[in-house]
Amino acid sequence: MRVRRAFKYRFYPTDVQAAELSRTFGCVRKVYNMALAARSEAWAQRRERVGYGATSAMLTAWKKTGELAYLNEVSCVPLQQCLRHLQTAFTNFFAKRAGYPRFKSKKSSRKSAEYTSSAFRFRDGVLTLAKMREPLAVVWSRPLPQGARPSTVTVSQDAAGRWFVSLLVEDPTVKPLPASGAVVGVDAGLEHLLTLCTGEKIANPRHERRDRTRLAGAQRQLSRKAPGAGANRAKARRKVARIHARIRDRRRDYLHKVTTRLVRENQTIVIEDLAVGNMLKNGKLARAISDAAWAEFRSMLEYKARWYGRELITVDRWLPSSRLCSVCGTLAEKLPLDVRTWTCDSCGTTHDRDVNAARNLKAAGLAVTACGAGVRPQRNTPGGHSATKQETLQREP
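All of these numbers come straight from a predicted model, not from anything done at the bench.

Thoughts on the pattern of salt bridges
- Using the criterion set out here, one finds 21 salt bridges in the structure.
- The salt bridge partner of Asp249 is Arg162, with a shortest N-O separation of 2.9 Å. Pair noted here: Asp249 is in helix α6 (residues 231-265) and Arg162 is in the loop between β6 (152-157) and β7 (163-170), with a separation of 87 residues, a long-range link.
- A relative accessible area of 34% places Asp249 in the partly exposed class.

Let's talk about helix α2 (residues 52-63)
- Compared with the 16 Å implied by 1.5 Å per residue over twelve residues, the 17 Å span of α2 between its first and last C-alpha is a close match.
- Residues of α2 that are buried sit in contact with α1 (15-46) and α3 (76-94).

Here's the deal with helix α9 (residues 294-307)
- For α9, with 14 residues, the first-to-last C-alpha span of 20 Å sits near the 20 Å given by 1.5 Å per residue.
- Along α9, the positions that sit buried rather than exposed are Trp294, Phe297, Met300, Leu301, Lys304, Ala305 and Trp307. For α9, the buried positions fall inside an angular range of 150° around the axis, keeping them on one side.
- Looking one or two places after α9, you find Gly309, whose phi comes out positive at around 70°.

Observations concerning the environment of Gly199
- Within the secondary structure, Gly199 sits in the loop between β9 (192-196) and β10 (201-203).
- Assessed through its relative accessible area of 35%, Gly199 is described here as partly exposed.
- Between the alpha carbons of Gly199 and Leu361 there is a distance of 13 Å; along the sequence they are 162 residues apart.

Describing a positive patch on the surface
- Together, Lys111, Lys235, Arg237, Arg238, Lys239 and Arg242 line one region of the surface with positive charge.
- Ranked by the residues each element gives to the positive patch, the list is headed by α6, at five residues.
- With respect to the helices, strands and loops of the structure, Lys239 is situated in helix α6.

As for the layout of surface pockets
- Of the volumes computed, that of the largest pocket is approximately 1700 Å³.
- Contributing to the lining of the largest pocket are 45 residues, with Lys8, Arg162, Phe164, Arg248 and Asp249 lying nearest its centre.
- Of all the secondary structure elements, the ones that give two or more residues to the lining of the largest pocket are β1 (4-11), β6, α6 and α9.
- In terms of residues, the lining of the largest pocket owes the most to one element, α6, which gives 14 residues.
- When the residues that make up the lining of the largest pocket are grouped by side-chain class, the tally is 15 nonpolar, ten polar and 20 charged.

As for the sheet that holds β10
- Strand order in this open sheet of five strands is β10-β9-β8-β11-β12, and the pairing throughout is mixed. Where the open sheet ends on each side, the last strands, each with one partner, are β10 and β12 (311-315). Going from strand to strand, the sheet's axes swing by 25° on average, the running direction of each strand aside.
- Direction of pairing for strand β8 (residues 183-188) relative to strand β11 (residues 268-272): parallel, over a ladder of three bridges. Among the inter-strand pairings, Val183 is bridged to a residue of β11, identified as Thr268.
- Where α6 meets the sheet, it contacts β9, β10 and β11, and its direction lies at approximately 5° from that of β9.
- Strands in contact with α9 are β8, β9, β11 and β12; relative to β12, the strand with the most contacts, it is inclined by about 145°.

Things to note about the packing of α1 against α2
- One can describe the packing of α1 onto α2 by two numbers: an axis separation of 11 Å at closest approach and a directional angle of 125°. In terms of orientation, α1 lies oblique with respect to α2. The two elements α1 and α2 meet at a crossing, and its hand is right-handed. Taken together, the residues of α2 that come into contact with α1 (itself represented by Val31, Met34, Ala35, Ala38 and Arg39) are Tyr52, Thr55, Met58, Leu59 and Trp62.

Topic: the UniProt feature "domain: Transposase putative helix-turn-helix" (unreviewed entry) in the protein
- The positions UniProt marks with the feature "domain: Transposase putative helix-turn-helix" (unreviewed entry) are residues 1-47.
- Between the C-alpha atoms that bound residues 1-47 the distance is 42 Å, and the span itself is 68% helix and 17% strand.

Structural notes on the sheet that holds β1
- Spatial ordering of the open sheet is given by β2-β6-β7-β1-β5, a layout of five strands whose pairing is antiparallel. Edge positions in the sheet fall to β2 (111-116) and β5 (138-139), since each has one partner strand and no second.
- Sheet topology note: the β2/β6 ladder contains six bridges and is antiparallel. Across the sheet, the residue bridging to Ser112 is Ser156, located in β6.

Analysis parameters
Residues numbered from 1 in each chain as written. Predicted model: local features only at pLDDT ≥ 70, side-chain atom pairs only at ≥ 80, totals over all residues. Heavy atoms only, no water. Salt bridge = Lys/Arg side-chain N within 4 Å of Asp/Glu carboxyl O. Helix = DSSP H or I, 4+ residues; strand = E, 2+ residues; numbered from the N terminus. Buried < 20%, exposed > 50% of the residue type's maximum accessible area, 1.4 Å probe, protein only. Expected span 1.5 Å × (residues − 1). Contact = heavy atoms within 4.5 Å. Arc of directions from axis to C-beta. Patch = residues over 30% accessible without salt bridge, like charges linked within 9 Å, V, L, I, M, F, W, Y side chains within 5 Å. Areas by Shrake-Rupley, 256 points an atom, 1.4 Å probe, with all protein chains shown as cover. Lys, Arg positive; Asp, Glu negative; His and termini not counted. Charge placed at Lys NZ, Arg CZ, Asp CG, Glu CD. 1 Å grid on protein atoms, 1.4 Å probe; cavity = no way out; pocket = protein on both sides within 12 Å on 5 of 7 lines; lining within 4 Å. Points joined across faces, edges and corners; volume = space filled by probe spheres on them. Nonpolar A, V, L, I, M, F, W, Y, C, P; charged D, E, K, R; others polar. Pairing = 2+ DSSP bridges. Axes fitted to C-alpha atoms, helices over the stretch in contact; angles between N-to-C directions. Parallel < 35°, antiparallel > 145°, perpendicular 65-115°, else oblique. Left-handed = near helix turned anticlockwise from the far one by under 90°. UniProt positions renumbered as here; feature names shortened; annotations may be inferred.

Shown next, in the form of structure tokens:
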């Protein structure tokens, strides 16, 4: 299996390069918004579907007008690529995989432009983009796969003002790992980020909480700067963005290490199919759930399991994993959320709530593997809570 993988690096543009890229970002946003408006209007007024070919012809016509002649000053490739991205967004919308495409804002936290192979030159670790005379000063923090040739290059700038370049290449080093018979059930939580069926508990670093005081102070300073205050407000906004970026980078690094370890050590990984979006509606726990990043954890597991030939099984969220005795199968009638250990009335086994849940998830995953069917018990969760993990309804510890 050929794996296409993006390698992301930070770079430091010159003033001329930064101005050129900022101009390109603005043109990409303008073309995307105009094409989205044209497609939406065509459907609303004439019930006509406009595809990529039609929007590409529109772009050619826009460039010939005096009002939009400045689109000719930047590379045409990022403009064409944004039209392809819009087409993909509509395809996902009609397939019910995503919502309706939204307009890009000038205040967006991330700006980007994508270049195909005809719009950049990469040779001996030197990357030069179209419309630029000098190569980018890229910090090659890790080597690309030997002999790799990028198919696309994406340049981006985040809210903290940092510049990044992402190179998409085929990575021959990603191969299925040797088969292993190990199976692990993984229960997600807030007190501990993950609890394994082996009894091991992986700590929740709470990256956002560690920087909460600094973040609150920076946000107070930003709130005191009146809109339109110029450089001072922009400086305060970047300070807040840098703290958010620091939190996000540490969280992703931690999740990468945890998911890589789980994939390397186990052939089959069983997790619960959590409705994280619904959980975020809980105002008391939304911040803690967002900081735990369960959705990102699952996403990493999915693509790493696919890369390395592992199996990821998701068990229905309505399985009463905490209340079900993993030894005799007896279902406890009532298990308050503040009870972290409980004893089964039938067999007398004392359970740790989270470890017991992980063991039940493992058993359910093995049943899925054996029967080829999903686990979908009756939706009779106590208290009538909808699509919400029972353990997360307690206050953040």
